[in-house]
Amino acid sequence: MRGLARAIVTTLLMLAGILPTLAHATLTGSSPPDGAVLDAAPPALVLSFNEPVSPLTATLIRPGEGSGEPVDLVATGAELRLPFNAGLDDGTYVVSWRAVSEDGHPIAGTSVFSIGEPVAESELELTLPSHPEVAPLLWVSRLVLYVGLFFGVGGAAFRILSPVLPRRARRLAVAASLAGTAAAVLVIGLQGLDALGMGVAGLVEGQVWSTGLSTVYGRTSLLAHCAFVAALLALLLRHELVLKLVGGAGLVLIGLAVSTSGHASAAEPQWLMRSALFMHIVCIAWWVGALYPLVLLLRLERRIATPPLLYFSAAIPYAIVPLVASGVVLAVVQLGWPGPAWVSGYGVILAAKLTLLVVLFSIASWNRWVLTAPAAAGELKALRHMRRGIVAELVLVAFILALVAGWRFTPPPRALAATERPAGVELALEAKNLSAKLAINPDRVGSTDVLVTLSTANGEPVSPRSVRLLFAPAGVDLAPLSRTAEADAVGVWRAEDMVLPLSGPWIVEVEVRVSDFELVKLAGEVTISP
Amino acid sequence: MKKLPLFLATAALLAGAVPAQAHIVLQNQEAQIGTTFRAVLVVGHGCGDAATTAVRVQIPEGFYNVRPMLKAGWTVETVRGPYETPFESHGSMLEEGVKEISWSGGELPNDFFDEFVFRGTFGADVPTDQPFYFPVIQTCGDTEDAWIDTSGDADAEFPAPSVTLSPAEASDGHHH
């Protein structure tokens, strides 16, 4: 048993080291776009994402300065707005921002824009220092937190079934709860480090802890704390009714804690996902928490062991059915119909989890349907098999928990879909004294948005009367698609929802009416993927 | 001179093959540098179906001493500006002249065509290897068609009316 436990822990730690961290919300566009040369100071920088994000920090580096000043971030829906309070002078500005996705993962980026002429950019330290030690620590802490929740609080909840808790089971549950409490506290700090991109040394700073508390994982930790308090109370009290109530409350709190954060709770429809996750977690906690006490009970006298065993057997189907149903709902929403999402990192982990679950359910069913009656009757062989079966269940549960913790490092397929789609293509065109930068996003068949940023060859801003875009497939006899672009407040010309029906090379022409009588045509080629 | 037949063929193609409803063009599309030229802008149709209410033409550098023709029912206005190269005319140096002409206030329904006339003199140094363009803006109420595409693309949607220039022929005097 000890050797096995050691093997499990080693494997989990190894997994923690190799799994990379991936961000989950992605930037889909910005206004002004990266690298724009504007003729007037923009009132704000607006960043658009594929899902709602929470703001963290942002830094504005003014032209000629080496270090930045903090800027406010305002979040509205899936957009972040960085208002520039004082009017900005001419020059090149760099904005570095950090935000948190809905499921708690931090994302960061940098935006550059120029007002008037772009100043030769000074050597800026834009690379953020990396702290690879934070991710594995975070993973291990979260794993201890889950173990504490399921074995500690779940174990305490076993007292609902049977007020008699073998001493070793109680000690394990108390130890698990205490370890879980410590892990919950540590997770808040580590989450703050992860969000702010700092190393372990940052744990001494108050800002790290307050940031960690403000993320969704902070809420999870707080609720987990309450669950642990309930668990410890349930384990130490004697009054039967009270401890049952408190144990039940602990279970509910586990469900609330876990469904507050993570991928599933960030997916739509939220009411369905959160309630499915709540159901899933509560059933798991109740089931898992009962396993170790059952193993121990089965060594005791039949008189003491049988009633809880029979209660458990009778009650477990009421936990298994919602467990499986909620699991199916979660998997379906996260993965969608059979397709490429099923072979993503997320899908692979799910497949492994399902495989282990099949084995787990087989063993559990064998225990329940075949072995329970003879074990309750006191047959020694049945008792021994049942104990072994439950130990096997415990081992499988540990592996499944490790797999589930690995989901922290795989973005859900819906975010993968957003990142796999390339963020469009950029074209730089020049003609006469005019330079145009086009951002075609996405560069695939279907509806496309085109953003045009214009400047003179020296980088000075231009204010043309109108800009027209002409798209014609190369080599195919199709009339060109023409669209008159609209200028936005900062002088970026947009043509939205242009439908490109064919894949392959397209000839792009930009007609810029620089003045009343002067027309400059710029042409280039872009490849549209299917 | 070698290119003249090619230009002639292209001009004939443009003048003949293109129906009157297609572009605003000049009636005469050939001229000699150093000579006066009567520019006749043929407005064969409105902007789409809308009636034309104003025509503005820009006079590029190289066409000097420009005078528009008055037109009944239309208000003719000119914008004067400096010439980059002064132009000698009848013994005096002209340093500035008409750079833009606009006919406005009238109404030319789509079913009718009309001509807007002005004349001037091509400078003796104007290059003859490329067409000479007169960008025109045709206004129809609130909309306008800008015939200002000077790229020379065969498939340009709104090409500017143009003239093919050829070197001056030997002559015994100047013409008026």
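Residues numbered from 1 in each chain as written. Chains lettered and ligands numbered in written order. Predicted model: local features only at pLDDT ≥ 70, side-chain atom pairs only at ≥ 80, totals over all residues.

**Comments concerning the overall build of chain B**
Turning to step 1, where the next piece is worked out: When helices and strands are counted, chain B shows one helix and twelve strands.
Turning to step 2, where the next piece is worked out: Pairs at least 24 residues apart make up 70% of the contacts formed inside chain B by residues separated by at least 6 positions. (Helix = DSSP H or I, 4+ residues; strand = E, 2+ residues; numbered from the N terminus. Contact = placed C-beta atoms within 7 Å.)

**Points about the overall build of chain A**
Turning to step 1, where the next piece is worked out: Along chain A, the regular secondary structure elements total twelve helices and 18 strands.
Turning to step 2, where the next piece is worked out: In chain A, which comprises 530 residues, the proportion classed as buried is 42%.
Turning to step 3, where the next piece is worked out: Once local pairs closer than 6 in sequence are excluded, the contacts in chain A between residues at least 24 apart make up 69%. (Buried ≥ 20, exposed ≤ 12 C-beta atoms within 10 Å, placed from the backbone.)

**Here we look at the packing of helix H3 (residues 167-196) of chain A against helix H5 (residues 216-236) of chain A**
All names here are of chain A.
Turning to step 1, where the next piece is worked out: Contact pair H3 / H5: the axes reach a minimum separation of 9 Å and the direction vectors enclose 160°. Classified by the angle between their axes, H3 and H5 sit roughly antiparallel to one another. In the crossing of H3 with H5, the sense of the turn from one axis to the other is left-handed. Contacts between H3 and H5 involve Arg170, Ala173, Val174, Ser177, Gly180, Thr181, Ala184, Val187, Ile188 and Gln191 from the first element and Tyr217, Gly218, Ser221, Ala224, His225, Phe228, Ala231, Leu232 and Leu235 from the second.
Turning to step 2, where the next piece is worked out: The residue makeup of the contact of H3 with H5, split by class, is eleven nonpolar, seven polar and one charged. (Axes fitted to C-alpha atoms, helices over the stretch in contact; angles between N-to-C directions. Parallel < 35°, antiparallel > 145°, perpendicular 65-115°, else oblique. Left-handed = near helix turned anticlockwise from the far one by under 90°. Nonpolar A, V, L, I, M, F, W, Y, C, P; charged D, E, K, R; others polar.)

**Considering the confidence of the model for chain B**
All names here are of chain B.
Turning to step 1, where the next piece is worked out: This prediction gives chain B a mean pLDDT of 85; 84% of its residues lie at or above 70.
Turning to step 2, where the next piece is worked out: In this model, residues 5-21 is a region of pLDDT below 50 whose contacts with residues beyond four sequence positions or in other chains number eleven contacts.
Turning to step 3, where the next piece is worked out: As a predicted assembly, this complex carries a pTM of 0.52 together with an ipTM value of 0.79. (pLDDT = per-residue confidence, 0-100.)

**Some remarks on the pairing of strand E11 (residues 143-147) of chain B**
Residues and elements named next belong to chain B.
Turning to step 1, where the next piece is worked out: Relative to E11, strand E10 (residues 136-140) is paired through five bridges, and the arrangement is antiparallel. Looking across to E11, one finds that valine 136 is bridged to tryptophan 147.
Turning to step 2, where the next piece is worked out: Where E10 hands over to E11, the hairpin turn is made up of two residues, of which glycine 141 adopts a positive phi near 65°. (Pairing = 2+ DSSP bridges.)

**A word on the sheet that holds strand E3 (residues 36-43) of chain B**
Picture the strands of a sheet paired through backbone hydrogen bonds; they go either parallel or antiparallel.
Residues and elements named next belong to chain B.
Turning to step 1, where the next piece is worked out: Judged by pairing direction, the sheet is antiparallel, and its four strands sit side by side in the order E1-E3-E8-E5 without closing on themselves. The two strands at the open ends of the sheet, each matched to only one other strand, are strand E1 (25-26) and strand E5 (63-68).
Turning to step 2, where the next piece is worked out: Across two bridges, the pairing between E1 and E3 is antiparallel. Note on E3: the bridge partner recorded for valine 25 is valine 42.

**Regarding the interface of chain B and chain A**
By a widespread convention, an interface's size corresponds to the accessible area lost as its parts come together.
Turning to step 1, where the next piece is worked out: Counting residues at the interface gives eight residues for chain B and six residues for chain A.
Turning to step 2, where the next piece is worked out: Residue classes in the side of chain B that touches chain A are distributed as four nonpolar, three polar and one charged.

**Some details on the pairing of strand E17 (residues 504-513) of chain A**
All names here are of chain A.
Turning to step 1, where the next piece is worked out: Summarising the sheet, strand E13 (residues 466-473) and E17 pair through eight bridges and their orientation is antiparallel. Among the inter-strand pairings, arginine 468 is bridged to a residue of E17, identified as glutamate 511.
Turning to step 2, where the next piece is worked out: Here E17 pairs with strand E18 (residues 519-528) via ten bridges, running antiparallel. Within E18, the position partnered with glutamate 511 by the bridge is lysine 521.

**Overview of helix H8 (residues 270-297) of chain A**
An α-helical turn contains 3.6 residues, so a residue and the one three or four places further along point in the same direction.
All names here are of chain A.
Turning to step 1, where the next piece is worked out: Between its first and last C-alpha, H8 extends 40 Å over 28 residues, near the 40 Å set by a 1.5 Å rise per residue.
Turning to step 2, where the next piece is worked out: By the largest-angle criterion, leucine 291 marks the main kink of H8, which is about 30°, and a proline, proline 293, follows within four residues.
Turning to step 3, where the next piece is worked out: Most of H8 is tucked away: 22 of the 28 residues are buried. (Expected span 1.5 Å × (residues − 1). Bend = angle between axes of the 7 residues up to and from the residue.)

**Digging into the sheet that holds E17 of chain A**
Residue and element names in this part refer to chain A.
Turning to step 1, where the next piece is worked out: Taking strand neighbours across the sheet as the criterion, the four strands line up as E14-E13-E17-E18 in an open arrangement whose pairing is antiparallel. On the outer flanks of this sheet lie strand E14 (481-484) and E18, each paired with one strand and no other. Strand-to-strand, the axes of this sheet are offset by a mean angle of 20°, without reference to chain direction.
Turning to step 2, where the next piece is worked out: Direction of pairing for E13 relative to E14: antiparallel, over a ladder of four bridges. The residue bridging arginine 468 from the neighbouring strand is threonine 484, located in E14.

**A closer look at helix H2 (residues 134-161) of chain A**
Residues and elements named next belong to chain A.
Turning to step 1, where the next piece is worked out: For H2, spanning 28 residues, the distance from its first C-alpha to its last is 40 Å, which sits close to the expected 40 Å at 1.5 Å a residue.
Turning to step 2, where the next piece is worked out: At glycine 155, H2 shows its largest bend, some 30°.
Turning to step 3, where the next piece is worked out: Here H2 lies mainly inside the structure; 23 of its 28 residues are buried.

**Comments concerning the confidence of the model for chain A**
Residue and element names in this part refer to chain A.
Turning to step 1, where the next piece is worked out: With 84% of its residues at a pLDDT of at least 70, chain A reaches an overall mean of 78.
Turning to step 2, where the next piece is worked out: Confidence, expressed as mean pLDDT per element, reaches its minimum in chain A at helix H1 (residues 2-18) with 49 and its maximum at E17 with 91.
Turning to step 3, where the next piece is worked out: Here residues 120-129 is a poorly scored stretch, pLDDT under 50, and it has nine contacts once near neighbours within four places are set aside; other chains count.

**So, the packing of H2 of chain A against H3 of chain A**
All names here are of chain A.
Turning to step 1, where the next piece is worked out: Two elements in contact, H2 and H3, have axes separated by 7 Å at closest approach and are oriented at 145°. The two elements H2 and H3 meet at a crossing, and its hand is left-handed.
Turning to step 2, where the next piece is worked out: Tallied by class, the residues present in the contact of H2 with H3 amount to 21 nonpolar, seven polar and two charged.

**A word on unusual backbone geometry**
Residue and element names in this part refer to chain A.
Turning to step 1, where the next piece is worked out: Positioned with a positive phi, lysine 432 is a non-glycine residue whose angle comes to about 45°.
Turning to step 2, where the next piece is worked out: One can find lysine 432 in the loop between strand E10 (425-431) and strand E11 (434-441).
Turning to step 3, where the next piece is worked out: Residue class for lysine 432 comes out partly exposed when judged on the 13 C-beta atoms lying within 10 Å of it.
Turning to step 4, where the next piece is worked out: With phi around 55°, aspartate 497 is a residue other than glycine that occupies positive phi space.
Turning to step 5, where the next piece is worked out: Aspartate 497 sits in the exposed class, given 10 other C-beta atoms within 10 Å.

**Re the environment of valine 46 of chain A**
Residues and elements named next belong to chain A.
Turning to step 1, where the next piece is worked out: Within the secondary structure, valine 46 sits in strand E3 (residues 44-49).
Turning to step 2, where the next piece is worked out: When the 18 C-beta atoms within 10 Å are taken as the criterion, valine 46 is described as partly exposed.
Turning to step 3, where the next piece is worked out: In this view, valine 46 contacts Ser30, Ser31, Glu79 and Arg81; residues no more than four positions away in its chain are not counted.

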